[in-house]
Amino acid sequence: MQKVKIKNTDIEVSILGLGTVKLGRNTAVKYPSAFEIPDDKAALTILNTTAECGINLLDTAPAYGNSETRLGELIKRTSHEWIISTKVGEIFDATTGESTYNFNPEYIQSSIENSLRQLQRDYLDIVLIHSDGNDENIITNYGALETLNQLKQKGLIRATGMSTKTVDGGILAAQQSDIVMVTHNLHYQGETGVMDYAQQNNKNIFIKKALASGHSTLTKESTHSSTDTTEDTVQQSFNCIYQHHSVSSIVLGSITPAHIKSNSEKAIKSFSLYR
Ligand SMILES: NC(=O)c1ccc[n+]([C@@H]2O[C@H](COP(=O)([O-])OP(=O)(O)OC[C@H]3O[C@@H](n4cnc5c(N)ncnc54)[C@H](OP(=O)(O)O)[C@@H]3O)[C@@H](O)[C@H]2O)c1
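Residues numbered from 1 in each chain as written. Predicted model: local features only at pLDDT ≥ 70, side-chain atom pairs only at ≥ 80, totals over all residues. Heavy atoms only, no water.

### So, the sheet that holds strand 11 (residues 204-208)
Strands sit in the order 3-4-5-8-9-10-11-12 around a closed barrel of eight strands; the barrel is parallel. With direction set aside, neighbouring strand axes in the sheet form an average angle of 30 degrees. Sheet analysis places strand 3 (residues 16-19) next to strand 4 (residues 57-59), joined by three bridges and oriented parallel. Bridging across to strand 4, Gly19 finds its partner in Asp59. (Pairing = 2+ DSSP bridges. Helix = DSSP H or I, 4+ residues; strand = E, 2+ residues; numbered from the N terminus. Axes fitted to C-alpha atoms, helices over the stretch in contact; angles between N-to-C directions.)

Rendered as structure tokens:
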């Protein structure tokens, strides 16, 4: 699989990454159907399949249940050099199913230290601010990206960024960090302005929810009842994304090895078409 250099860093990521919400959390999520969290054996198969496909990017967060802790343990049992992207700011309480947010410098520092312990690393490859939607307030009034950039200066983080929800906030995040993670898929292209800005200003874009959290494939499936159509939906989704040259990687969530394999083939094909 092709890799892309994250501009202004020495990190190279595969054009497809693995999102790991489903490795750690199955409550208060927006997937179309309920699912069991894979046990360690199944999770290891998922990670080994991911590695065999040439994917080196894993995306996690403290808010994804025990995803970080599990990855810390499981990746030791794989022989692969992973680039791990984690986040800071959202705190998910599994007992209530509610999220709270904290973007204060002291909290960010302690969350980073916690992620280092959970992931069993001396430094974090990529850390993104996990926005609650008030992107500009988090950047301007809390100085959250400044805090992350200071931790980068100290050598605890290799690349900083923000997972945003607004165009103005995404552009501000691009101005102050390396990577902006935005939503872009067949049904929603409302943050294209951030992608355009990143392209013009030498910044990097990660895509979340490329399949609208699985709803893209579901819609087509229920309309046409055909696996081929589902496959086409994935290809179309990738085409809709990779045609934007700002995109470094699509972080796609999956706990189904067959999906990871077919998604990888389609990502390679689609990327070759546009780059
Ligand atoms: N605020 C934030 O920072 C934020 C928010 C949302 C997401 N994210 C990140 O972005 C990642 C991706 O987002 P997401 O997981 O919400 O949505 P997504 O990647 O759009 O979709 C994931 C869903 O699509 C299904 N899927 C994958 N490949 C498929 C295929 N070939 N055919 C049919 N279904 C397929 C998966 O089911 P299977 O498991 O069965 O493959 C899963 O339920 C997350 O895991 C997370 O890392 C970040």
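Next, the rest of the story.
### Quick notes on the confidence of the model for the chain
Residue-level pLDDT values for the chain average 95, and 95% of them are 70 or greater. Overall, residues 220-226 carries pLDDT values under 50, and its contacts beyond four positions in sequence, including any with other chains, amount to seven contacts. (pLDDT = per-residue confidence, 0-100. Contact = heavy atoms within 4.5 Å.)

### A word on the environment of Ala63
Inspection of the secondary structure puts Ala63 in the loop between strand 4 and helix 2 (67-74). Given a relative accessible area of 0%, Ala63 falls into the buried group. Between the alpha carbons of Ala63 and Ser99 there is a distance of 7.9 Å; along the sequence they are 36 residues apart. Contacts of Ala63, omitting those with residues within four sequence positions, involve Arg25, Glu90, Phe92 and His130. (Buried < 20%, exposed > 50% of the residue type's maximum accessible area, 1.4 Å probe, protein only.)

### So, the pattern of salt bridges
Within the structure shown, the criterion is met by seven salt bridges. Here Lys87 and Asp59 are joined by a salt bridge, their closest N and O atoms 2.7 Å apart. Pair noted here: Lys87 is in strand 5 (residues 83-88) and Asp59 is in strand 4, with a separation of 28 residues, a long-range link. Accessibility expressed as a relative area gives 1% for Lys87, which makes it buried. (Salt bridge = Lys/Arg side-chain N within 4 Å of Asp/Glu carboxyl O.)

### What to know about the side chain of Asp178
Here Asp178 shows up in the loop between helix 6 (167-176) and strand 10 (179-183). Take Asp178: its relative accessible area is 7%, and that puts it in the buried class. Those residues in contact with Asp178 that sit more than four places away from it in its chain are Asn8, Thr9, Lys152, Arg158, Ala159, Thr160, Lys203 and Asn204.

### Quick look at helix 7 (residues 192-200)
Every buried residue belonging to helix 7 is among Thr192, Val194, Met195, Tyr197 and Ala198, and all of these are buried. Buried residues along helix 7 sit against helix 6, strand 10, strand 11 and strand 12 (247-253).

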